[in-house]
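# Commentary on secondary and tertiary structure
Here is how the chains run, residue by residue.
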Amino acid sequence: MSHHAATVPGSTWVARWAGVLLCLAVAAIHVVDQGGITATRDPHYIGVAYHVLEIAAVVAAVLLIVGLVRLGWLLAAMVAVGPLLGYVLSRGPGLPDYSDDVGNWTEPLGLVSLAGEGALLLLSIPLFMRSLRRRT
């Protein structure tokens, strides 16, 4: 992939800024949920997953700002899908050594998170696909 193809504006500035804000919102919600930037959720793998998600969300936002839209939208889609999947697994069957949220489908912060992640997914997938069609 040439440098030019990686930076082709595959979306408008409005869509890119919406993606940036949604990525940062997902990161912020998870920072709040874990109890702060330096806190880590238990079990350890959940805490690590939170930190990885937060970093990935900020990186995706930066990529969208600087115009690396193909990679930015791809990472944004992953930032949306990861916690959506985690929400369903943690509320449904539970995760290894983590059953605190089983059945807790209506937690307010979780619902806000789902809304942001859903919006980010609905925005990022079509714009990522559009960026693939604009190869030059």
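Residues numbered from 1 in each chain as written. Predicted model: local features only at pLDDT ≥ 70, side-chain atom pairs only at ≥ 80, totals over all residues. Heavy atoms only, no water.

## Examining the overall build of the chain
This is how the line gets drawn: Only DSSP runs of H or I with at least four residues qualify as helices, and only runs of E with at least two residues qualify as strands; both kinds are numbered from the N terminus onward. The atom set for the radius of gyration is the C-alpha atoms, and the globule formula is 2.2 Å times the number of residues raised to the power 0.38. Remark: exposure states derive from per-residue accessible area (1.4 Å probe, protein chains only) relative to the maximum for the residue type, with buried under 20%, exposed over 50%, and partly exposed in between. The contact rule is simple, with two residues in contact once any of their heavy atoms fall within 4.5 Å. Surface accessibility follows the Shrake-Rupley procedure with a 1.4 Å probe radius. Residue values consider only the protein chains on display as shielding. His is not counted here, nor are the chain ends, while Lys and Arg score as positive and Asp and Glu score as negative. Where a charge lies is defined by one atom per residue type, namely NZ (Lys), CZ (Arg), CG (Asp) and CD (Glu).
Of regular secondary structure, the chain possesses five helices and zero strands. Each helix (α) and strand (β) of the chain, taken in turn from the N terminus, gives the series α-α-α-α-α. A compact globule built from 136 residues should have a C-alpha radius of gyration of about 14 Å, and the chain, at 16 Å, falls within 12% of that. The proportion of buried residues among the 136 residues of the chain is 40%. Considering only contacts in the chain between residues 6 or more positions apart, those separated by 24 or more positions represent 68%. When the accessible surface of the chain is summed, it comes to about 7,200 Å², and 74% of that surface belongs to carbon and sulfur atoms. Each charge sign in the chain was given a centre, from 8 positive and 8 negative side chains, and these centres are 26 Å apart.

## Notes on the packing of aromatic side chains
We describe a pair of aromatic rings using the distance from one ring centre to the other and the angle between the two ring planes. Counted only if it meets this: Each Phe, Tyr or Trp ring (for Trp, its six-membered ring) is paired with any other whose centre lies within 6.5 Å, and the angle between the two planes then decides the class: stacked below 30 degrees, edge-to-face above 60, tilted in between.
Taken as a whole and assessed by the stated rule, the structure comprises two aromatic pairs. For the pair Trp13 and Trp17, a centre-to-centre distance of 6.3 Å together with 25° between the ring planes defines the contact as stacked. Of this pair, Trp13 and Trp17 both sit in helix 2 (residues 13–34), four residues apart, which is roughly one turn of that helix. Seen in terms of ring centroids, Tyr87 and Trp105 are 5.9 Å apart; in terms of plane orientation they differ by 70°. Their pairing is edge-to-face. Taken together, the positions of Tyr87 in helix 4 (residues 69–91) and Trp105 in the loop between helix 4 and helix 5 (108–133) put the pair 18 residues apart, joining distant regions of the chain.

## Some thoughts on helix 2
Formally: In this scheme, a helix's expected span is set at 1.5 Å multiplied by one less than its residue total.
The terminal C-alpha atoms of helix 2 lie 32 Å apart, and with 22 residues this matches the ideal 32 Å at 1.5 Å per residue to within 8%. Looking one or two places after helix 2, you find Gly35, whose phi comes out positive at around 95°.

## Describing the environment of Asp33
On the secondary structure map, Asp33 appears in helix 2. For the pair formed by Asp33 and Ala57, sequence separation is 24 residues and the distance between their alpha carbons is 15 Å. Sequence-distant contacts of Asp33, defined by excluding residues within four places in its chain, comprise Arg41, Tyr50, Glu107 and Leu109.

## Some thoughts on helix 3 (residues 44–66)
In a regular helix each residue adds 1.5 Å, so 23 residues correspond to 33 Å; helix 3 covers 33 Å between its end C-alpha atoms and thus fits that length. Within the sequence span of helix 3, burial applies to Ile46, Gly47, Tyr50, Leu53, Glu54, Ala56, Ala57, Ala60, Ala61, Leu63 and Leu64. Of the surrounding elements, those touching the buried residues of helix 3 are helix 2 and helix 4. Gly67 sits one or two residues past helix 3 and shows a positive phi near 100°.

## Considering a nonpolar patch on the surface
Counted only if it meets this: Note that patches include only residues with greater than 30% relative accessible area and no salt bridge, and the join distances are 9 Å for like charges and 5 Å for nonpolar side chains (Val, Leu, Ile, Met, Phe, Trp, Tyr). Every case where a carboxyl oxygen of Asp or Glu lies within 4 Å of a side-chain nitrogen of Lys or Arg is listed as a salt bridge.
Side chains of Trp13, Trp17, Leu24, Val58, Val62, Ile65 and Val66 sit close together on the surface and give an oily, nonpolar patch of about 630 Å² of accessible area. If you list the elements that add at least two residues to the nonpolar patch, you get helix 2 and helix 3. Among the elements that take part in the nonpolar patch, helix 3 stands out by supplying four residues, more than any other. Judged by its relative accessible area of 48%, Trp13 falls in the partly exposed class.

## Section: unusual backbone geometry
Along the chain, Asp42 connects to Pro43 via a cis peptide bond; the corresponding omega equals -5°. Relative to the helices and strands, Pro43 resides in the loop between helix 2 and helix 3. The backbone phi angle of Asp97 is positive, close to 60°, even though this residue is not glycine.

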